[in-house]
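# Architecture and fold: a report
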Amino acid sequence: MTIETLISIFLGIGLSASVGFRVFVPLFVLSLAAYFNVWELNESWEWVGSLTAVITLGVATLVEIFAYYIPYIDNALDSIAIPLAAVAGTAVMVSTVADLSPAITWALAIIAGGGTAAAVAGSSGATRLASTATTGGIANPVVSTIETGTSVVISILSIFVPIIAFVVVIIILYFVFKLYKKIKTSQP
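Residues numbered from 1 in each chain as written. Predicted model: local features only at pLDDT ≥ 70, side-chain atom pairs only at ≥ 80, totals over all residues. Heavy atoms only, no water.

### With respect to the overall build of the chain
Note the cut-off: Where helices and strands are cited, they refer to DSSP runs of H or I of at least four residues and of E of at least two residues respectively, numbered from the N terminus. The globule rule is 2.2 Å times the number of residues to the power 0.38, and the radius of gyration it is compared with is taken over C-alpha atoms. Throughout this description, buried means an accessible area under 20% of the type-specific maximum (1.4 Å probe, protein chains only), exposed means over 50%, and partly exposed covers the range between. In what follows, a contact means two residues having at least one pair of non-hydrogen atoms within 4.5 Å.
When you go through the chain residue by residue, the secondary structure sums to 7 helices and 0 strands. Starting at the N terminus, the α and β elements of the chain follow one another as α-α-α-α-α-α-α. For 188 residues, the compact-globule estimate of 2.2 N^0.38 gives 16 Å, and the C-alpha radius of gyration of the chain, at 16 Å, lies within 12% of that figure. Going through the 188 residues of the chain one by one, you find that 44% of them count as buried. For the chain, the share of sequence-separated contacts (at least 6 apart) that also reach a separation of at least 24 residues comes to 71%.

So this is what it looks like as structure tokens:
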């Protein structure tokens, strides 16, 4: 395995985790990176770097971000976010991984990409649900801002310093695991 392959895996995992917070932010960042030739995508995914994709993903990103500030819509979005995040995390991973066989690429994409995105999206949804239950939704805009900011930061780190993004993702996954363990032990 080459350094380029390893960095592409770190990039994919970082963007997949970011998808767990906001589905379209990392796709938009990846599209911009491909459009401006900062990152080269796999051959069959080059369309993501087209001007049409940049504009479409940019609009989708803005709609998603603002929708999370609308009461009740934010919780409705969370209900569809986990499956969408798993699919988008898988797609991001497939589009970025370099120099691996298709079988390994898809296995890695489904497990690391989709799994990471789904885990982060699940914990994000649980956080919003807890916020709604404890504050009547008053704190949800704060949660939305933190999630969007985290998604933007991890996406940018993933493009420019994928190794650091990977470390941040490991830290986030550690906290997701601790949260899951805490929730599981508190249930009767």
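### Here's the deal with empty space enclosed by the protein
Note the threshold: Cavity means a closed set of points on a 1 Å grid over the protein atoms alone, one where a 1.4 Å probe fits but cannot get out, pocket means an open set with protein on both sides within 12 Å along at least 5 of 7 lines, and lining means a residue has an atom within 4 Å of a point. Grid points are joined across faces, edges and corners, and a volume is the space filled by probe spheres set on the points. Three classes are used: nonpolar for Ala, Val, Leu, Ile, Met, Phe, Trp, Tyr, Cys and Pro, charged for Asp, Glu, Lys and Arg, and polar for all others, with Gly counted as polar.
Scanning the entire structure with this criterion turns up 1 cavity of 30 Å³ or more. Its volume calculated, the largest cavity comes out at about 50 Å³. In this structure, the largest cavity is lined by V19, G20, F21, R22, V23, E64, Y68, D78, A81, A121, S124 and G125. Of all elements in the fold, only α1 (3–21), α4 (73–96) and α5 (102–135) reach the threshold of two or more residues within the lining of the largest cavity. Here the residues of the lining of the largest cavity are counted per class, giving 6 nonpolar, 3 polar and 3 charged.

### With respect to the layout of surface pockets
The space that makes up the largest pocket amounts to roughly 280 Å³. Taken together, the elements giving at least two residues each to the lining of the largest pocket come down to α5, α6 (140–160) and α7 (162–186). By residue class, the composition of the lining of the largest pocket is 7 nonpolar, 4 polar and 1 charged.

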